[in-house]
Amino acid sequence: MNYKTDIVYRKESLKKLLHNILKNEDAIVQALYDDFRKPAFEAVLTETHFVISDLKDTIKKIKSWAKPKRVLPSILNFPSKDYIYIEPYGKVLIIAPWNYPFQLALCPLIAAVAAGNQVVLKPSELTPNTSKIIAKIISETFDANHVEVMEGGVDVAQKLLAQRWDYIFFTGSVGVGKIVAKAAAENLTPVTLELGGKNPCIVDETANLKLAAKRIVWGKFINSGQTCIAPDYILVQTKMKARFIAYLKEEITEAYGENPENSPDFCRIVNDKNWQRQCDLLVGCTIVYGGQTNAANCYIAPTLIDEPSLDSLVMQDEIFGPILPILSYDNDLDLKNIISKYEKPLALYVFTENKRFAEKVIQEFSFGGGCVNDTVIQFSNKRLPFGGVGYSGIGAYHGKMSFNLFSHKKAIVKKANWLDLPMRYAPYNNKLKTIRKFLKWL
Ligand code: NAD
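Residues numbered from 1 in each chain as written. Predicted model: local features only at pLDDT ≥ 70, side-chain atom pairs only at ≥ 80, totals over all residues. Heavy atoms only, no water.

1. Here's the deal with the site of the ligand
Taken together, the neighbourhood of the ligand is formed by 28 residues, with A96, E125, S173, L195 and E318 sitting nearest. At a separation of 3.5 Å, a nitrogen atom of the ligand approaches a polar backbone atom of E194. Protein coverage of the free-state accessible area of the ligand, which is 840 Å², stands at 90%. Among the detected pockets, the ligand sits in the largest pocket. Broken down by secondary-structure element, the contributors of at least two residues to the shell around the ligand are helix 6 (154-161), strand 6 (167-171) and helix 7 (174-186). Considering every element that reaches the shell around the ligand, the biggest residue donor is helix 6, with four residues. When residues are assigned to domains, the shell around the ligand turns out to be shared by domain 1 (7-195 + 390-409) and domain 2 (200-381), each giving three or more. (Near = heavy atom within 4 Å. Polar contact = N/O pair within 3.5 Å; in protein donor to acceptor, adjacent residues only side chain to side chain. Areas by Shrake-Rupley, 256 points an atom, 1.4 Å probe, with all protein chains shown as cover. 1 Å grid on protein atoms, 1.4 Å probe; cavity = no way out; pocket = protein on both sides within 12 Å on 5 of 7 lines; lining within 4 Å. Sits in = over half its atoms within 2 Å of the grid points. Helix = DSSP H or I, 4+ residues; strand = E, 2+ residues; numbered from the N terminus. Domains from an automatic or database assignment.)

Okay, structure coming up:
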């Protein structure tokens, strides 16, 4: 077995992984429910289906992705044939978060394996049922010296980070991202950091308010707001605000009923600590909808907050829960003043029928990625890079980009011997004039 060089072996391993995931799909969905009552619909749509589709695509394309690519040679090297060879980094560490605990662990793992690496995966300790089933599937699929799962918490992560790796792929919070980057710097290990941020969602006067409300409610409250690319806060033009809030209320009720605590489609906050953090964010806020909490099952209702001050707790860091602040703005300068107050976010959304305004927003602000007239769905296109910028992350993946991310691209010039132009060799004598002429001509 040589996963480093043997593409067929890698492909067969991935096929085995696909088989084992399909065999265990119900158990995975159950584990996600047991961890934080993730509804089966969301578990399939955003976790198992996503991974299965990624696997199928990778299996289909691995051979062509892994092939050396011929590129046009430089005339300076004439006569030569030039190639990019794709080489695995070697030993890869993947550290995963809890919010999409299956998908965010498996998708990078699939790409790292496809690219020929040895992989150690540490799933999140906050979703223990999912962590356990991931460990079971991986141990049934791979030799431990090829791919291994190390379950555990911060102590395990820190022990792993103290070792030397050839690549580290981390998904999680900005604070822990900095710890990972520092550990990686010790050995100049390249990293991908998939982090979070405070994602603005702009609704301008031309927007289709009802549809905007529907799509925002879906993107915000799926996974109970515990989504790195969920809208964090709304910026709505002042004159539309009252109408827009009414639509948001309507859409929340439509999706989750009068009492979302009874809805089978609304999941829970992952643990007591995160639940308490969400409750603390509500203190002193003007709640215009929701606000109910229940410690017994880590429930926080979908909640709308009206005009929180930018100094309030809820407007400091990423919310990462079902609380949606609504701020009003009058003009582009207001937008700029508010959005620029925060680090570059992972996502930005703009709801408008005004194409020029949408373009202006896209070009004016720096952010990982986003949508015009929708939320979250940029994640689902394999041909779009997924990643942050600045504090929201380093590097991007999905589809073929994931394979490339876990591969070193080695530049190779294959020079022919039938001609050896003397120009470049010393002694240079009076060659300078000739070389100048030649370089100008290039
Ligand atoms: P987290 O940073 O607390 O934990 C992520 C992982 O790091 C876990 O496996 C955890 O065990 C480990 N870890 C925690 N503390 C550590 C430490 N001190 N040293 C070493 N390892 C440590 O993040 P989380 O709470 O699991 O996830 C939520 C965060 O992740 C949010 O900020 C969210 O925006 C972000 N996120 C980003 C993406 C993305 O793709 N960009 C996706 C999901 C979540």
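2. Brief notes about the sheet that holds strand 1 (residues 69-71)
Pairing within the open sheet is antiparallel, and its three strands lie in the order 1-2-20. At either margin of the open sheet sits one strand with a lone partner, and together these are strand 1 and strand 20 (407-415). The average angle at which neighbouring strand axes cross in this sheet is 30°, direction not considered. Summarising the sheet, strand 1 and strand 2 (residues 80-88) pair through three bridges and their orientation is antiparallel. For R70, the partnering residue across the bridge sits in strand 2 and is Y83. (Pairing = 2+ DSSP bridges. Axes fitted to C-alpha atoms, helices over the stretch in contact; angles between N-to-C directions.)

3. Points about the nonpolar core
Of all hydrophobic cores here, the largest spans 85 residues; its most connected members are L17, I21, L106, L109 and F244. Looking at this core element by element, the count peaks at 10 residues for helix 4 (residues 103-114). Both domains that meet at this core, namely domain 1 (7-195 + 390-409) and domain 2 (200-381), each give it at least three residues. For L106, the contacting residues outside a window of four places in its chain are L17, I21, V51, I134 and I138. Within the second largest apolar cluster, 23 residues are counted, among which are L327, L335, I339 and V350. (Core = buried A, V, L, I, M, F, W, Y, C linked by side-chain atoms within 4.5 Å. Buried < 20%, exposed > 50% of the residue type's maximum accessible area, 1.4 Å probe, protein only. Contact = heavy atoms within 4.5 Å.)

4. A look at the domain arrangement of the protein chain
The domain boundaries assigned to the protein chain delineate domain 1 (7-195 + 390-409) and domain 2 (200-381). Distance between the C-alpha centres of domain 1 and domain 2: 30 Å. The interface of domain 1 with domain 2 comprises 20 residues on the first partner and 22 residues on the second. A combined buried area of about 1,900 Å² lies between domain 1 and domain 2, and 59% of that area is made up of carbon and sulfur atoms. Counting every contact that joins domain 1 to domain 2 gives zero salt bridges. Where domain 1 touches domain 2, the interface holds nine residue pairs in polar contact (both at pLDDT 80 or more). Elements represented by at least two residues in the side of domain 1 that touches domain 2 include exactly helix 2 (25-36), helix 3 (40-66) and helix 4. Per element, the largest residue contribution to the side of domain 1 that touches domain 2 is three residues, and it comes from helix 3. Split into classes, the residues belonging to the side of domain 1 that touches domain 2 amount to nine nonpolar, seven polar and four charged. (Buried area = accessible area lost by both parts, 1.4 Å probe. Salt bridge = Lys/Arg side-chain N within 4 Å of Asp/Glu carboxyl O. Nonpolar A, V, L, I, M, F, W, Y, C, P; charged D, E, K, R; others polar.)

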